[in-house]
Amino acid sequence: MNWGIKIFLSLGVFMASIVAVGIYMVSRDSDSLEEDDYYEQGLNYDRAYEKKQNVLIMQESPTITISGDTLYIHFVSKVNTGKLLLRKPSDSRLDRELPFRTSNNIFVLPLSTFDRGMWNLYIDWKSLGRDFLFEEHILF
């Protein structure tokens, strides 16, 4: 076998491996984006920023505690309506959105059905005629 055939075979193997890696990467459906609707969130950034500022200005920051398999959210105001968004950074298929309403200032969420580990908790609620947004990383 002369050197021309060896070069030709080496280039063929290299190109075949590049094509195989490309097919593998395209067939795997795992984007590294944490948010699917990142474009919409970018457009609504001002609104989210205003909600976060309302938490700071009005001093409405909720207190998050975990005791056993239960998550307790202590709000400053008594009447609150909104939604909880729990996102698992390692697996977006486990993300959950839960509506809530409180008549006292405590919301209780059992965590027995959730996977253990790191979660991002987003609380988007309305109280005292204002919108609020609070986010925190929790580990249970």
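Residues numbered from 1 in each chain as written. Predicted model: local features only at pLDDT ≥ 70, side-chain atom pairs only at ≥ 80, totals over all residues. Heavy atoms only, no water.

As recorded in an unreviewed UniProt entry, the protein chain goes by FixH and comes from Sphingobacterium thalpophilum.

**A closer look at the UniProt feature "transmembrane region" (unreviewed entry) in the protein chain**
For clarity, the threshold we go by: UniProt positions are given in the numbering used here, feature names are shortened, and annotations may be inferred rather than shown by experiment. Secondary structure counts use DSSP, requiring at least four H or I residues in a row for a helix and at least two E residues in a row for a strand, with both numbered from the N terminus.
Listed under "transmembrane region" (unreviewed entry) in the UniProt record, and renumbered for this structure, are residues 7-26. Helix makes up 100% of residues 7-26 and strand 0%. Its end C-alpha atoms lie 29 Å apart.

**Let's talk about the sheet that holds strand β2 (residues 70-74)**
Keep this limit in mind: Pairing between strands is defined by DSSP: at least two bridges between the two strands are required. Axis lines are fitted through C-alpha atoms, for helices just across the contact stretch, and the angle between N-to-C directions can take any value from 0 to 180 degrees.
Pairing is antiparallel across the open sheet formed by three strands, whose spatial order is β1-β2-β5. Of all strands in the sheet, those with a lone pairing partner are β1 (63-67) and β5 (106-110), marking the two edges. Going from strand to strand, the sheet's axes swing by 20° on average, the running direction of each strand aside. In this structure, β1 lies alongside β2, joined through five bridges in antiparallel fashion. Along β2, the bridge assignment pairs Thr-65 with Tyr-72.

**With respect to the domain arrangement of the protein chain**
To be explicit about the condition: Where each domain starts and ends comes from a domain assignment, either automatic or drawn from a database.
With domains assigned, the protein chain is organised as domain 1 (1-29) and domain 2 (43-139). One C-alpha centre belongs to domain 1, the other to domain 2; they are set 50 Å apart.

**Looking at the side chain of Lys-51**
For the record, the criterion: Residue exposure (1.4 Å probe, protein chains only): buried if accessible area is under 20% of the type maximum, exposed if over 50%, otherwise partly exposed. Contacts: residue pairs with any heavy atoms within 4.5 Å of one another.
Looking at the element boundaries, Lys-51 is found in helix α3 (residues 45-57). Exposure remark for Lys-51: the relative accessible area of 13% places this residue in the buried category. When sequence neighbours within four positions are dropped, the list of residues in contact with Lys-51 reads Asp-124, Asp-131, Phe-132 and Leu-133.

**Details of α3**
The criterion, for reference: For a helix, the expected span equals 1.5 Å multiplied by the number of residues minus one. This arc corresponds to the set of directions leading from the helix axis out to the C-beta atoms.
Across its 13 residues, α3 extends 18 Å between first and last C-alpha, which sits within 8% of the 18 Å expected from 1.5 Å per residue. Those residues of α3 lying buried are Lys-51, Asn-54 and Val-55. Projected down its long axis, α3 carries its buried residues within an arc of 100°, all on one side. Relative to its buried face, α3 has exposed residues pointing more than 90 degrees away, namely Tyr-45, Asp-46, Leu-56 and Ile-57. Close packing links the buried residues of α3 with β6 (118-127) and β7 (130-139).

**Structural notes on the environment of Leu-139**
Turning to its location among the elements, Leu-139 is positioned in strand β7. Separated by 112 residues in the primary sequence, Leu-139 and Ser-27 place their C-alpha atoms 32 Å from one another. Ignoring sequence-local partners within four residues, the contact set of Leu-139 consists of Ile-66, Gly-117 and Met-118.

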